[in-house]
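# Observations on chain architecture
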Amino acid sequence: MDIENSKRFLPEGKHLMMGNIAMSEGAIAAGLKFFGGYPITPSTEVIEHLAVRLPQIGGVCMQMEDELASINAVIGASLVGAKAMTATSGPGISLMTETISMAANLEVPFVFCDVQRNGPGTGFVTEPHHNDIGLMRFAGNGEFQVITLAPMSCQELYDLTITAFNFAETYRCPVFIMSDAYLGHIHEVVNIPSKEEILKKVIDREIPDEITKKFSYKDDNTGKYIIPKPPIMGTDYCPTMFLSQPHSSEGLPTPKPQLFTEMMIKKITSNIDKISLTESYKLEDAELIIIAYGLPVRASYRAVDLARKEGIKVGIFRLITIWPFPDEKVKETVKDAKAVIVPELNYTGVIAEQVERVTHLSTPVVRIPNVCEIHHPNDILKIIKEVAK
Amino acid sequence: MTRYEIRVVGFGGQGVITLSKMIIMASSIYEGLAATQTEAYSAAARGGKCWGEVVIDLDKNIEYIDYPKALKPYDFLIVLSEESANGVKVDFVKNEENTGFLIWDPSTIKKFRAAKKINKVLGIPIQKLAVEKFGNIVFGNSILFGIFTILSGIFSEESALETLRKFVPNSTLDKNLEAFELGKQEAMNFLNQIKEENN
Amino acid sequence: MSGIGPMYPNEKPENPYVLVSYAGHLLGNYSSRLCAGCGYGIIGHIFTRLFEDEKLDPKLYPLVLGIGCYSQMLLTVHYATQKVLSLHGRAPALATGMKMANPLMKPIIFTGDGDCLGIGGNHFIHTCRRNLDCIILIFNNSIYAMTGGQGAPTTLYGANSTTTPYKMFENRSDGVKLALAAGATYVARTTVAHPRTFMKYFRKALKHKGTSVIELITPCVTYFGRKNLNNLGAEHLGIKGEKMDTAGKMIDWIKRNSIRVNKAKFMNEEELFNKYVIGEFRYEPNKPEYSEEYAKIQKIARGDK
């Protein structure tokens with residue numbers, strides 16, 4: 001059954017929406033057909049909302065028996081040609097890693113929204129804590145590359161979810177949307193574009209052809225990594241078996257696992273220019289650079305404005321795509337900086353570590369760790385002043 | 001800073017969260033201001049201590065709120081339950097001209113120490129009024145919304161009425177409009193009272 | 001004939017069912033990596049045969065496999081089938097997603113006893129509960145064979161395995177009873193020693209709309225038979241046992257240990273101890289099926305009357 005377009009799109013204009021709902025609506029606009037989920041605070045609104053909305057447009061929203069079943073059902077649905085997603089939180093993603101790894105191997109496109117909460121263990125379930133960010137990079141056994149997007153407002157939750165589905169269709173890999181307990185529960189205005197505008201952006205699951213029988217492969221002549229359209233089971237254009245072992249482009253076990261692993265990673269990283277979304281703010285003459293993602297970006301913008309008034313040359317390099325980490329872009333941006341400030345909603349500073357790796361520790365990296373507490377512009381301003389001295 | 005911080009506290013079921021949603025809708029959708037609303041989650045929203053917070057940036061050029069939680073001192077504090085009233089201190093509310101309001105409900109709160117020391121305090125038995133005049137405590141929301149519209153002056157009355165129409169089922173719209181009007185009157189009286197005091 | 005030539009001298013490559021098997025199609029021969037005496041050869045062959053004879057549309061009958069020795073059946077099942085080798089225990093969940101995204105499909109799920117009743121127990125229960133239109137085949141060899149003969153939830157009392165070196169002392173899990181309790185609408189059990197019965201049941205399951213669970217008792221000579229005596233389940237009768245180190249001995253034991261459901265009705269618990277009750281346990285074709293029910297929900301949501 002195809003998705004009905006009449007109820008798929010919300011009326012154009014401003015809508016007041018909770019973050020989780022904005023994400024769900026973004027997914028519906030992107031053509032979501034199957035959602036499998038299990039209630040977990042703070043992502044519950046997603047499944048609640050989709051249970052109402054998806055049947056209206058001919059889609060399916062299933063509350064599965066557990067997270068393991070949810071993600072497996074999502075993979076099953078994606079295999080037969082439905083755009084599929086799930087949403088969960090920390091403990092849920094921990095359970096799902098096994099299947100994420102399988103999906104990466106089988107190159108099944110799907111979107112995964114992680115509404116992060118405090119941890120480890122059960123944690124404080126309604127507190128924001130970007131502590132799954134490492135898990136989202138190494139989501140499962142085996143070596144593979146995923147894409148993770150970090151929105152910072154309800155509007156971006158809507159827009160980036162559409163982008164996430166497009167990435168999933170194009171690169172056939174797990175795509176994560178990094179939300180958190182706070183962002184998921186904020187109510188904000190979301191500007192919904194017109195139906196035509198959305199449809200122009202959305203990459204649909206294309207009708208398969210002969211090449212979709214194949215999995216990704218490296219073209220020996222050009223050295224490029226070719227990612228065919230996702231196959232659809234139940235059509236003539238589908239490999240006869242989906243075997244989650246190192247496989248050739250035909251889907252048969254390959255004797256060269258190293259080439260396969262290389263392909264799994266390179267097919268994403270060789271397209272990093274297209275995948276890596278970033279934003280710059282007042283970077284032209286900046287001596288200090290704030291590298292931020294997600295919610296702390298908001299506070300950073302204000303802090304930079306305040307610091308500039310006091311004559312401190314500071315700018316922001318914002319990561320919208322966190323994984324794959326844009327090594328070259330970050331290197332280029334921070335090469336003349338005196339110091340880099342990384343405000344993060346976690347203690348370790350996962351992205352700060354990446355910056356240190358990229359700069360070979362040549363630039364001082366100042367972390368502003370914050371757990372379960374959002375950065376206030378003044379917190380960041382204080383650090384900026386200290387570093388500027 | 002052009003931030004306008006609003007906090008509504010009470011217990012679940014009083015419409016605390018609905019009120020905060022009405023405030024953000026009127027100011028962001030109809031007035032085009034940047035605003036965020038956050039609310040109590042899970043069990044609290046259904047019976048325990050319940051709160052809703054709205055931050056509005058009065059500067060029209062600002063696209064989004066930098067820090068989404070409402071910060072003390074608040075511009076506008078609405079307290080509807082005994083339990084939450086106990087935690088309120090004098091410095092929770094701004095002591096500035098045209099802002100720093102505390103609204104509380106004497107029909108649910110017996111004793112409110114901090115209220116005596118705050119400048120712009122309006123004690124109005126919302127719950128009692130709602131039940132006696134309109135027959136249900138949910139109408140208290142519309143009374144409060146009327147009060148907020150006049151005292152804060154962030155959004156126009158048209159925006160407020162438009163919001164009310166969106167939130168309220170058609171069958172009770174008339175009663176809600178009445179309640180809104182009542183709140184408006186109370187607020188105007190209160191403003192006049194402040195003016196007289198200042199003179 | 002092309003390919004690597006006959007690996008088994010006694011095999012008749014001209015057998016049409018061998019030729020339509022994946023390996024036969026690919027290599028021109030029936031090649032498998034299964035041990036001598038394994039029951040999966042029989043099952044794979046029957047499946048291929050049914051697939052060919054019933055002219056099943058491979059687009060509508062996707063094959064979802066769990067992890068176990070039976071995953072090797074990838075090579076022996078019909079070449080045209082579209083197969084997914086899913087994760088250990090998660091096959092029913094994956095099939096749920098497939099069925100719901102394309103309700104015309106009827107997934108056929110291959111699972112084992114450890115796969116379905118051990119690690120995937122929850123998915124099995126809930127697939128049965130929903131009465132999702134699919135066929136779940138549980139291959140019960142009462143051992144974890146692929147990992148080298150560890151005790152399974154279905155291992156018989158007193159049996160020897162590498163993780164129960166003294167004897168198995170845990171209670172046995174019963175796939176049929178579980179399926180009945182969970183709400184599957186067609187439940188049957190048979191053994192590879194009764195291939196015609198299996199074909200009958202399988203045909204019935206293909207026509208049934210709802211969850212069909214067929215448990216198949218199958219021999220594992222290498223890890224179960226060699227280490228256990230054929231008086232398992234009959235020690236109390238004083239029968240002297242001998243090692244079941246050949247396929248024949250195991251098939252004999254399975255036959256002797258299987259009791260028809262009609263007969264089992266008149267037997268007490270002690271007499272049925274360590275036995276397999278075979279036959280059909282439930283057939284309720286008129287129970288509401290999940291994807292059809294969901295379609296009704298979609299109608300309500302749309303506001304259609």
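### Section: the arrangement of the chains
- Here two pairs of chains make contact, and the pair sharing the most contacts is chains A and C.
- Considering only C-alpha positions, the minimal separation of the non-contacting chain B and chain C is 20 Å.

### A look at the interface of chain A and chain C
- With 34 residues of chain A in contact, the opposing surface of chain C contributes 30 residues.
- Only β2 (34–37), α2 (44–56), β3 (60–63), α3 (67–79), α4 (90–106) and β11 (241–243) of chain A provide two or more residues apiece to the side of chain A that touches chain C.
- Take the side of chain A that touches chain C: its biggest share by element is nine residues, from α3 of chain A.
- Partitioning the side of chain A that touches chain C into residue classes produces 20 nonpolar, 10 polar and four charged.
- As paired elements, β11 of chain A and strand β2 (residues 83–85) of chain C share three bridges and run parallel to each other. Across the sheet, the residue bridging to Leu243 of chain A is Leu85 of chain C, located in β2 of chain C.

### Structural notes on unusual backbone geometry
- Cis rather than trans, the peptide bond between Gly119 of chain A and Pro120 of chain A has omega equal to 0 degrees.
- Position of Pro120 of chain A among the secondary structure elements: in the loop between β5 (110–116) and α5 (133–137).
- Omega for the bond connecting Lys72 of chain B with Pro73 of chain B falls within 30 degrees of zero, at -5 degrees, which places this linkage in the cis form.
- Along the chain, Pro73 of chain B falls in the loop between β3 (49–57) and β4 (76–79).

### Notes on the confidence of the model for chain C
Residue and element names in this part refer to chain C.
- Predicted confidence across chain C gives a mean pLDDT of 88, with 92% of residues reaching 70 or more.
- The low-confidence segment residues 1–6, where pLDDT is below 50, has 12 contacts with residues more than four positions distant or belonging to other chains.
- Scoring of the predicted complex yields 0.93 for pTM and 0.92 for ipTM.

### What to know about the sheet that holds strand β17 (residues 365–369) of chain A
All names here are of chain A.
- Read across the sheet, five strands follow the order β12-β14-β13-β16-β17 without closing on themselves; strand pairing throughout is mixed. The two strands at the open ends of the sheet, each matched to only one other strand, are β12 (278–281) and β17. For this sheet, the mean inter-axis angle between neighbouring strands, taken without regard to orientation, is 20 degrees.
- In the sheet, β12 pairs with strand β14 (residues 314–319) via four bridges, with the strands oriented antiparallel. By the bridge assignment for β14, Glu279 is matched with Arg318.
- The sheet contacts of helix α13 (residues 350–358) involve β13 (288–292), β16 (339–344) and β17, and relative to β16 the element is tilted by about 160 degrees.

### Overview of the nonpolar core
Residues and elements named next belong to chain A.
- Judged by nonpolar contacts, the single largest core of 278 residues is most densely connected at Met85 and Val111.
- By residue number, the principal contributor to this core is helix α6 (residues 154–171), which donates 10 residues.
- Those residues in contact with Met85 that sit more than four places away from it in its chain are Ala27, Leu32, Phe35, Val74, Phe110, Val111, Phe112 and Cys113.

### Some points on the interface of chain B and chain A
- Across the contact, 16 residues belong to chain B and 19 residues belong to chain A.
- Ranked by residues supplied to the side of chain B that touches chain A, first place goes to helix α1 (residues 16–30) of chain B with five residues.

### Examining helix α12 (residues 290–302) of chain C
- With 13 residues, α12 of chain C extends 18 Å between its outermost C-alpha atoms, agreeing within 8% with the 18 Å of an ideal straight helix rising 1.5 Å per residue.
- Phi turns positive, to about 90 degrees, at Gly303 of chain C, one or two residues after α12 of chain C.

### Some details on the sheet that holds strand β6 (residues 147–149) of chain A
All names here are of chain A.
- Read across the open sheet, the seven strands follow the order β3-β2-β4-β5-β7-β6-β15; overall the sheet is mixed. Taken across any chain shown, the strands that pair with only one partner, and hence form the sheet edges, are β3 and β15 (321–323). The average undirected angle you get between the axes of adjacent strands in this sheet is 25 degrees.
- Here two bridges tie β2 to strand β4 (residues 84–88), and the two strands are oriented parallel to one another. Residue Phe35 lies in a different strand from β4, and its bridge partner there is Met85.

### Things to note about the packing of α1 of chain B against helix α7 (residues 157–167) of chain B
Residues and elements named next belong to chain B.
- In the contact formed by α1 and α7, the axes pass within 9 Å of each other and the chain directions differ by 130 degrees. Put simply, α1 runs oblique to α7. The hand of the α1/α7 crossing is right-handed. Across the interface between the two elements, Thr18, Met22, Met25, Ala26 and Tyr30 from α1 touch Ser159, Ala160, Glu162, Thr163, Lys166 and Phe167 from α7.
- Broken down by class, the residue content of the contact of α1 with α7 amounts to six nonpolar, three polar and two charged.

What counts, and where the lines are drawn
Residues numbered from 1 in each chain as written. Chains lettered and ligands numbered in written order. Predicted model: local features only at pLDDT ≥ 70, side-chain atom pairs only at ≥ 80, totals over all residues. Contact = placed C-beta atoms within 7 Å. Helix = DSSP H or I, 4+ residues; strand = E, 2+ residues; numbered from the N terminus. Nonpolar A, V, L, I, M, F, W, Y, C, P; charged D, E, K, R; others polar. Pairing = 2+ DSSP bridges. pLDDT = per-residue confidence, 0-100. Axes fitted to C-alpha atoms, helices over the stretch in contact; angles between N-to-C directions. Core = buried A, V, L, I, M, F, W, Y, C linked by C-beta atoms within 7 Å. Buried ≥ 20, exposed ≤ 12 C-beta atoms within 10 Å, placed from the backbone. Expected span 1.5 Å × (residues − 1). Parallel < 35°, antiparallel > 145°, perpendicular 65-115°, else oblique. Left-handed = near helix turned anticlockwise from the far one by under 90°.

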